[in-house]
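Letter by letter, the chains look like this.
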Amino acid sequence: MPLLLIAPTVLTLIALMGWPLVNNVLLSLRKVTLRELISREVVWVGFDNYRVILADPDFWHAVVRSVLFTAACAATTMLVGVLMAMLLVRLPRVPKVLLSISLVLAWATPVLAATTVFQWLFDTDFGVVNWLLAKVGFDTEGHSWFSTGPSTFLVAGLLVVWQAVPLVVFSISAALQTVPVELDEAAVIDGASASQRWWSITFPLVRPMIGVLAFLQVIWDFKAFTQVYALRKGGPDSSTTTLPILIYQQGIARSQFGLAAAASVITVAILLVLLALYVRSAVRAEEVR
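It should be emphasised that the depicted structure is a prediction, and the values quoted were computed from it without experimental measurement.

Conventions we followed
Residues numbered from 1 in each chain as written. Predicted model: local features only at pLDDT ≥ 70, side-chain atom pairs only at ≥ 80, totals over all residues. Heavy atoms only, no water. Helix = DSSP H or I, 4+ residues; strand = E, 2+ residues; numbered from the N terminus. Buried < 20%, exposed > 50% of the residue type's maximum accessible area, 1.4 Å probe, protein only. UniProt positions renumbered as here; feature names shortened; annotations may be inferred. Arc of directions from axis to C-beta. Contact = heavy atoms within 4.5 Å. Axes fitted to C-alpha atoms, helices over the stretch in contact; angles between N-to-C directions. Left-handed = near helix turned anticlockwise from the far one by under 90°. Core = buried A, V, L, I, M, F, W, Y, C linked by side-chain atoms within 4.5 Å. Parallel < 35°, antiparallel > 145°, perpendicular 65-115°, else oblique. Nonpolar A, V, L, I, M, F, W, Y, C, P; charged D, E, K, R; others polar. Polar contact = N/O pair within 3.5 Å; in protein donor to acceptor, adjacent residues only side chain to side chain. Phe/Tyr/Trp six-rings, centres within 6.5 Å; stacked < 30°, edge-to-face > 60°.

Asker: What's the story with unusual backbone geometry in this structure? I'm lost.
Answerer: A negative phi angle is the norm for most residues apart from glycine, just as the trans form is the norm for most peptide bonds. With a phi close to 60°, Ser-238 is a non-glycine residue in the positive phi region. Along the polypeptide, Ser-238 turns up in the loop between α11 (226-232) and α12 (243-253). Note on Ser-238: relative accessible area 43%, which makes it partly exposed. Even without being glycine, Ser-255 reaches a positive phi, approximately 60°. Positionally, Ser-255 belongs in the loop between α12 and α13 (257-288). Residue Ser-255 is classed as buried on the basis of its relative accessible area, which comes to 14%.

Next up, the structure:
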């Protein structure tokens, strides 16, 4: 009976996700350009697409950028999200409602609309950020935030974190409210400090939620495309070309669909490795408990 109950969900996932993934793997084993698409010619090349992709220095540069960008965004999101969640559960009612509404608005804003807003905020001539920094004494008049790769990544990272923090805040604040008050009160009577109560009582109880959110955040940030591409389209000079943007450029801009499929399969493989590491750590933590 349990297998019958979950069968519709499993079949739906296979139809919507498994079959396209299989087709993508088959596409990565073929030479597919506009010529093959128009003539409907099937040219099998085996693992040649993978060899070309793995031998391309631009691919490895994109992987490194994606890893560094993901690590910075995910770590910042989790840190800010946990701190804001701790603040949210301690705020009085009115400030808590106002903060919650602000977080929901940031979370609900479409990614492309948010990217446009950030482009205006960091605009060279009319941006509010340059104006505010100039007011407090920084020489930012006419400063271009999109002239170099690191500064462009900074803006994109702030945008990703800004939209990702609300989910972390709401999830962690809900988990914090499940921590038994009696344990905290007993620790206070025993003379435990706030940091000791956090690391000994609160953190172990909310750690599973933090682990799930961190893992999901890594996946979402690794696949981030709109925020980076809409800001600078991988520029300047390809210095912000991440792995998703490289796949887009290979498949859509250059019509090398076989190479793009191979790069996307490698991306899925990287994420599967991360999934395996997460599942392994989760199982070990469950065994310890």
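Asker: Mind showing me how you'd approach the UniProt feature "transmembrane region" (unreviewed entry) in the protein chain here?
Answerer: Here the UniProt feature "transmembrane region" (unreviewed entry) sits at residues 67-89, 101-122, 153-176, 197-220 and 257-279. The span residues 101-122 carries 86% helix and 0% strand; its end-to-end C-alpha distance comes to 24 Å. Split by type, residues 153-176 is 100% helix and 0% strand. Its first and last C-alpha atoms lie 32 Å apart.

Asker: When you look at helix α6 (residues 111-121) in this model, what are you seeing that I'm missing?
Answerer: Along an α-helix, a turn takes 3.6 residues, which lines up residues three or four apart on a common side. For α6, the full list of buried residues reads Ala-114, Thr-115 and Phe-118. Each buried residue of α6 lies within a common arc of 100° when the element is viewed along its axis, so the set occupies one face. Every exposed residue of α6 that faces more than 90 degrees away from the buried side is listed here: Leu-112 and Trp-120. Tucked inside the fold, the buried residues of α6 contact α8 (149-176) and α11.

Asker: I would appreciate a short explanation of the environment of Leu-29 in the present structure.
Answerer: Following the sequence through the fold, Leu-29 ends up in the loop between α1 (2-28) and α2 (34-39). In this structure the C-alpha to C-alpha distance between Leu-29 and Phe-47, which are 18 residues apart in sequence, comes to 5.9 Å. Beyond its immediate stretch of four places on either side in the chain, Leu-29 contacts Val-43, Trp-44, Val-45, Gly-46, Phe-47, Asn-49 and Tyr-50.

Asker: I tried to follow the packing of α8 against helix α10 (residues 194-222) on my own but got confused; where do I start?
Answerer: How two helices pack is summed up by the angle between their axes together with the distance between the axes. Following both chains from N to C, one finds α8 and α10 inclined at 145°, their axes separated by 10 Å at the closest point. In the crossing of α8 with α10, the sense of the turn from one axis to the other is right-handed. Side by side, α8 and α10 meet where Val-160, Ala-164, Leu-167, Val-168, Ser-171, Ile-172, Ala-175 and Leu-176 of the first sit next to Trp-198, Thr-202, Val-206, Met-209, Ile-210, Leu-213, Gln-217, Trp-220 and Asp-221 of the second.

Asker: I would appreciate a short explanation of the UniProt feature "domain: ABC transmembrane type-1" (unreviewed entry) in the protein chain in the present structure.
Answerer: Under the feature "domain: ABC transmembrane type-1" (unreviewed entry), the UniProt entry names residues 63-278. Segment residues 63-278 splits into 77% helix and 0% strand. End C-alpha atoms: 20 Å apart.

Asker: Before we go on, may I ask you to explain the nonpolar core in this structure?
Answerer: Counting 37 residues, the largest nonpolar core has Phe-69, Phe-122, Val-155, Ile-172 and Val-206 as its most contacted members. Of all the secondary-structure elements, those providing two or more residues to this core are α4 (57-88), α5 (93-108), α6, α8, α10 and α11. Of all the elements, α8 adds the most residues to this core, at 12 residues. Once residues lying within four places of it in the same chain are set aside, the contact partners of Ile-172 are Val-82, Ala-85, Met-209, Ile-210 and Leu-213.

Asker: Mind showing me how you'd approach the packing of α5 against α8 here?
Answerer: Two numbers describe how α5 lies on α8: the axes approach to 8 Å, and their chain directions differ by 130°. On the basis of the axis angle, α5 is oblique to α8. The handedness of the crossing between α5 and α8 is left-handed. For the pair α5 and α8, the contacting residues are Ser-100, Leu-103, Val-104, Ala-106 and Trp-107 in the first and Trp-162, Gln-163, Pro-166, Leu-167, Val-169 and Phe-170 in the second. Class assignment of the residues belonging to the contact of α5 with α8 gives a composition of 9 nonpolar, 2 polar and no charged.

Asker: So what exactly am I meant to see when it comes to the environment of Leu-216 here?
Answerer: With respect to the helices, strands and loops of the structure, Leu-216 is situated in helix α10. Measuring from C-alpha to C-alpha, the distance between Leu-216 and Leu-4 comes to 29 Å, with 212 residues separating the pair along the chain.

Asker: Sorry if this is basic, but what is going on with the side chain of Ser-151 here?
Answerer: Its place among the elements puts Ser-151 in helix α8. What makes Ser-151 buried here is its relative accessible area of 12%. Within the local environment of Ser-151, its side chain forms a polar contact with the backbone oxygen of Trp-145, the two atoms lying 2.7 Å apart. Ignoring anything within four residues of it in the chain, the contact list for Ser-151 reads Ser-144, Trp-145 and Phe-146.

Asker: What's the story with the packing of aromatic side chains in this structure? I'm lost.
Answerer: Aromatic ring pairs are described here by two measures, namely the spacing of the ring centres and the angle between the planes. Following the criterion strictly, the structure yields 14 aromatic pairs and no others. With a centroid separation of 6.1 Å and 25° between ring planes, the pair formed by Phe-118 and Phe-122 is classed as stacked. Seen in terms of ring centroids, Trp-198 and Phe-203 are 6.1 Å apart; in terms of plane orientation they differ by 50°. Their pairing is tilted. On the accessibility criterion, Phe-203 (21% relative accessible area) is partly exposed. Ring pairs connect the aromatic residues Phe-118, Phe-122, Trp-145 and Trp-162, which therefore count as one cluster.

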